[in-house]
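Architecture at a glance
Listed below are the residues making up each chain.
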Amino acid sequence: MSTDPVETLRRWADSGAIWRVLARRADSVTVGLFECTGGQEVDRFTSTDPALLRFLGDRTSSDS
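Residues numbered from 1 in each chain as written. Predicted model: local features only at pLDDT ≥ 70, side-chain atom pairs only at ≥ 80, totals over all residues. Heavy atoms only, no water.

Moving on: the sheet that holds strand β1 (residues 18-24). Sheet strands pair by backbone hydrogen bonding; their relative direction is either parallel or antiparallel. The strand order β1-β2-β3 describes an open sheet built from three strands, whose pairing is antiparallel. Of all the strands in the sheet, the pair left with one neighbour each is β1 and β3 (41-47). Pairs of neighbouring strands in the sheet enclose a mean axial angle of 20°, with direction left out of account. Pairing geometry for β1 and strand β2 (residues 29-34), over six bridges, is antiparallel. What sits directly across from Ile18, in β2, is Phe34. (Pairing = 2+ DSSP bridges. Helix = DSSP H or I, 4+ residues; strand = E, 2+ residues; numbered from the N terminus. Axes fitted to C-alpha atoms, helices over the stretch in contact; angles between N-to-C directions.)

Within β2, six of the six residues are buried, which leaves the element mostly enclosed by the surrounding structure. Here β2 shows no split at all, with Val29, Val31 and Leu33 on one side and Thr30, Gly32 and Phe34 on the other all buried. Sheet analysis places β2 next to β3, joined by six bridges and oriented antiparallel. Paired with Val31 across the two strands is Phe45, which belongs to β3. Linking two consecutive strands that pair antiparallel, namely β2 and β3, is a turn of six residues; a positive phi of about 85° is found at Gly38 within it. (Buried < 20%, exposed > 50% of the residue type's maximum accessible area, 1.4 Å probe, protein only.)

All right, on to the side chain of Ser28 then. Structurally, the position occupied by Ser28 is in the loop between β1 and β2. Contact partners of Ser28, with chain neighbours within four places excluded, come to Ala23, Ser47, Thr48 and Leu53. (Contact = heavy atoms within 4.5 Å.)

Laid out in structure tokens, this is it:
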């Protein structure tokens, strides 16, 4: 996984896979990375990166 969480999510979605916000707090977010079908979770990470929080905004997944 890239050290840039925004780049990780962009590449994940560009490859056809799905990411979902699993937990959100004012200063952190946990994101799950799922197979293209949205079925099985492949990985997850938690980040306090302000750029990631801005990128996500109110979105809950790459589908939204």
